[in-house]
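A look at the structure
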Amino acid sequence: MYSFALVLAVAGAALPRPAQAEICMLASQQQMSLSEAAGADGWVCDNGKAAVAAESHGWLKYSGDDLRVGPTTMVGHSLPMDGFVLGIEAADGSLDERYFSEHRIAEAWTSGSRYALDLDLKRGDTVYVRFDQSLGTMDAKEIGFQDPEFAETLRTASLILLGIILGILGLTVATSTLLAVAIRRPYAWLHASYSTLLTIYVACSGSVVFVAFPWLSLWDRATVTYASLAWAIALLGPFALDFFRRAELGRGLRGAIMVSASLAFLAGFLLPLSALLDVNLRTLYNAAFLPGMVTTIIVTAVAWRRGNENAKVFALAWAMPFLFGAERVIRNLDLYTLPPITDFGFHIALAIEASMLTLIIGWQIERMRKERDSALAERAILEAESRLDPLTGLRNRRDYDRRVWNRGEVLGLIDLDHFKQVNDRYGHETGDAVLKVVASVLKQGVTDGKLSGAWRLGGEEFAVIIPSDGRAMAEVEINALRNRIPIAIDNSIPGLENTVTASAGLAEVGSNSNLATFRQADRMLYAAKKLGRDRLCFKTAEAALSEKKATETSNEPDDQLSRSRNVA
């Protein structure tokens, strides 16, 4: 797209220019009629190089063999003005004077901020244009005479280009606004506002704004054009401050950015000020952007050198707008002229730049999303690891405490018998191996669907959950696990003189609290230990509730041994 903008500018420079007749200027402090101007002395004829901007009134005269004969379209820059008087002096000396109001000029808009008025000239005619405001020499030199068909073709091409550019900018505005709503970052809102102002600028600068708002005056269009571009450029200052990391810029650069942005913002008020003071401030307007251009180059270079990932794309986005902007500043110094269609190169470059900044913001959001997802994944891993026992791979006490219990499930507490003797006699390494074997047996129970979960609560104590649909066989399943544990240990760790057995206590989850269920299972485990180990003790929820009521009524101590069922 940047290549297209550059090709458009080069092609525009090669387009046929409007026939450039000899230009003469007559400046005065008082308004003159056409007849007075035609017969006056003091005309300066140097092809538009005379400085007439200091005077508030005057006439331009176009004559010579290069002036088109027949149907002709006069094109010129539609300056902010109240209108102008057009006079034609025939070869016989007769004068024809016409007045074109600002609304008539606005209706005749063509490519860029130009007008195209249809005339019918005869050989020997001389064209006069009266201006009643300060005028630069470039304004005089931009008035030319074209073939009507070529002028219409150029207008049609301009409309197509404007439609493409405004479409790109409109999509950019919509996308950047949605991004701003999504991430709620200042730089995103600044870019959405920047893109909106650029859209307004292109619509006004290309005069297509008159299609939607035909009642606008030339002053209105020019004021909005100058202000929207200036304020859009001004927004790039705070955008850069928020988009780049502040630590990469330093206090001096941050100050330069804000000063440059302030100058660009103030430039938006120069056109109304020029009307108030009756002076031409176009050069000052263009000069107000120079500090910002220099500052942006320095800021981008510094951020690039310090490894900022956005700096390279930012530089690419602004490369062509800088070139076209610099060209327009130089051209506005009255050094040369180009066909108006070449201005669309600047518009295209701005549209692409706004789109690329939107892509940068989108990429930034994607990077933030990935960083967030990575952080969440890492947090999930840490959370999972915090709930796992590092030795056995079973879930730990923290995970057990956070579990949501279901009525009818059966809690089993399993404790290895005389495990301390294993550690004391064979060492902790062997003891750890025993715990890992027990964990593998419990994991297999979970895999087979016999258990809903298994935990290592600490030391040689484990917890398992039997689902509610298996509570009728809970005693059998837990005993099967207990029986597999010593066999698995003997097969995995040969050399142990004494078989490592396990005791277990069960409690059914009822209407009481999780802690109460745990205490019941723990009491059953204690009972199994007291009854000689290597056994299971179990109490149903109904039996536990009846026992609790009986205990509360009699206030007698709870004798777990006498109420336990021994399932050997």
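Residues numbered from 1 in each chain as written. Predicted model: local features only at pLDDT ≥ 70, side-chain atom pairs only at ≥ 80, totals over all residues. Heavy atoms only, no water.

Considerations on the overall build of the protein
The helix and strand tally for the protein stands at 21 helices and 15 strands. For the protein, the residues scored as buried account for 49% of the 568 residues in total. A sequence separation of at least 24 residues applies to 76% of the contacts in the protein between residues at least 6 apart. On the protein, roughly 27,200 Å² of surface is accessible, and the fraction owed to carbon and sulfur atoms is 58%. (Helix = DSSP H or I, 4+ residues; strand = E, 2+ residues; numbered from the N terminus. Buried < 20%, exposed > 50% of the residue type's maximum accessible area, 1.4 Å probe, protein only. Contact = heavy atoms within 4.5 Å. Areas by Shrake-Rupley, 256 points an atom, 1.4 Å probe, with all protein chains shown as cover.)

Comments concerning the confidence of the model for the protein
If pLDDT is low for a region, its predicted coordinates should not be looked at in detail. Within the protein, residue pLDDT values average 79, and 83% of them lie at 70 or more. Here residues 1–19 scores under 50 on pLDDT; set against residues more than four positions off or in separate chains, the count is 48 contacts. Counting interchain partners and residues more than four positions distant, the pLDDT-below-50 stretch residues 554–568 has 27 contacts. (pLDDT = per-residue confidence, 0-100.)

Description of the pattern of salt bridges
Scanning the model with the defined rule gives 13 salt bridges in all. Between K450 and E477 there is a salt bridge; the shortest N-O distance is 3.9 Å. One end of the pair, K450, is in the loop between α17 (428–447) and β11 (453–458); the other, E477, is in helix α18 (residues 474–492), and 27 residues separate them in sequence. Of the charged contacts, one joins R482 and D534 as a salt bridge, the two residues approaching to 2.9 Å between their closest N and O atoms. In this pair, R482 is assigned in helix α18 and D534 in the loop between α19 (514–530) and β14 (536–539), connecting sequence segments 52 residues apart. Note on D534: relative accessible area 39%, which makes it partly exposed. Counted as one network, the salt bridges with shared partners bring together R387, R395 and D399. (Salt bridge = Lys/Arg side-chain N within 4 Å of Asp/Glu carboxyl O.)

Quick look at the pairing of strand β2 (residues 57–63)
On a regular strand, each side chain points to the face opposite its neighbour's, so the side chains alternate between the two faces of the sheet. Within β2, seven of the seven residues are buried, which leaves the element mostly enclosed by the surrounding structure. Side chains H57, W59, K61 and S63 project from β2 onto one buried face, and the interleaved G58, L60 and Y62 project onto a second face that is buried too. The pairing of strand β1 (residues 22–28) with β2 spans seven bridges and is antiparallel. Paired with S28 across the strands is H57, a residue of β2. As judged from the five bridges shared by β2 and strand β8 (residues 126–131), these two strands associate in the antiparallel manner. Bridge assignment links Y62 to a residue of β8, and that residue is V127. (Pairing = 2+ DSSP bridges.)

Focus: the packing of aromatic side chains
In this structure the tally under the stated criterion is 14 aromatic pairs. Sitting above the plane of the W43 ring, K61 keeps its charged end 4.7 Å from the centroid. Across from the ring centre of F518, 5.0 Å away, lies the NZ or CZ of R397, which sits over that ring. (Phe/Tyr/Trp six-rings, centres within 6.5 Å; stacked < 30°, edge-to-face > 60°. Lys NZ or Arg CZ within 6 Å of the ring centre and 35° of its normal.)

Topic: helix α5 (residues 148–183)
Between the first and last C-alpha of α5 there are 52 Å, a value that for 36 residues agrees with the 52 Å anticipated at 1.5 Å per step. Measuring from the backbone nitrogen of E149 back to the side-chain oxygen at the start of α5 gives 3.1 Å, which picks out D147 as the cap. Downstream of α5 by a residue or two, R184 has a phi angle that is positive, lying close to 55°. (Expected span 1.5 Å × (residues − 1). Polar contact = N/O pair within 3.5 Å; in protein donor to acceptor, adjacent residues only side chain to side chain.)

Describing the sheet that holds strand β4 (residues 83–89)
The strand order across the open sheet formed by five strands is β1-β2-β8-β4-β5, and the pairing between neighbours is antiparallel. Each edge of the open sheet is held by one strand with a lone partner, namely β1 and β5 (95–101). Within the sheet, the average angular offset between the axes of one strand and its neighbour, ignoring direction, is 20°. With five bridges joining them, β4 and β8 adopt antiparallel strand pairing. Looking across to β8, one finds that E89 is bridged to T126. (Axes fitted to C-alpha atoms, helices over the stretch in contact; angles between N-to-C directions.)

Re the packing of helix α16 (residues 419–426) against α17
It is at 6 Å that the axes of α16 and α17 come closest, and there the two elements cross at 140°. When the axes of α16 and α17 are compared, the pair comes out oblique. Listed contacts from α17 to F419, V422, N423 and Y426 of α16 are H428, T430, G431, V434 and L435. Counted by class, the contact of α16 with α17 contains five nonpolar, four polar and no charged residues. (Parallel < 35°, antiparallel > 145°, perpendicular 65-115°, else oblique. Nonpolar A, V, L, I, M, F, W, Y, C, P; charged D, E, K, R; others polar.)

Some remarks on a nonpolar patch on the surface
Where nonpolar side chains cluster on the molecular surface, the patch consists of L273, L276, L277 and V279 and spans about 370 Å² of accessible area. Relative to the assigned elements, L273 resides in helix α10 (residues 270–277). (Patch = residues over 30% accessible without salt bridge, like charges linked within 9 Å, V, L, I, M, F, W, Y side chains within 5 Å.)

Considering the sheet that holds strand β6 (residues 109–110)
Strand order in this open sheet of four strands is β6-β7-β3-β9, and the pairing throughout is antiparallel. Each having just a single partner strand, β6 and β9 (144–146) make up the two edges of the open sheet. Pairing of β6 with strand β7 (residues 114–121) involves two bridges; the strand directions are antiparallel. The residue of β7 that forms the bridge with T110 is R114.

Some words on the side chain of R130
Of note, R130 is situated in strand β8. Aside from chain neighbours lying at most four places away, what touches R130 is Q31, M32, G58, W59, F84 and V85.

Some words on the nonpolar core
Grouped together as the largest cluster of nonpolar side chains are 61 residues, with contacts concentrated most on Y194, L198, F239, F244, L357 and I361. Listing elements by their share of this core, those giving two or more residues are α5, α6 (186–205), α8 (218–243), α9 (250–267), α12 (290–305), α13 (309–331) and α14 (343–386). Of the residues forming this core, the biggest block, 13 residues, is contributed by α14. Ignoring anything within four residues of it in the chain, the contact list for L198 reads L169, L229, A232, L350, E353 and A354. (Core = buried A, V, L, I, M, F, W, Y, C linked by side-chain atoms within 4.5 Å.)

Concerning α10
Listing the buried residues of α10 in full gives L270, L271 and S274. The arc that holds every buried residue of α10, seen down its axis, measures 100°, which confines them to one face. In the core, the buried residues of α10 are packed alongside α8, α9 and α11 (282–287). (Arc of directions from axis to C-beta.)

Structural notes on the environment of L197
Along the chain, the position of L197 falls in helix α6. Taking the C-alpha atoms as reference points, L197 and V173, 24 residues apart in sequence, are found 9.4 Å from one another. Setting aside chain neighbours within four positions, we find L197 in contact with S228, W231, A232 and L235.

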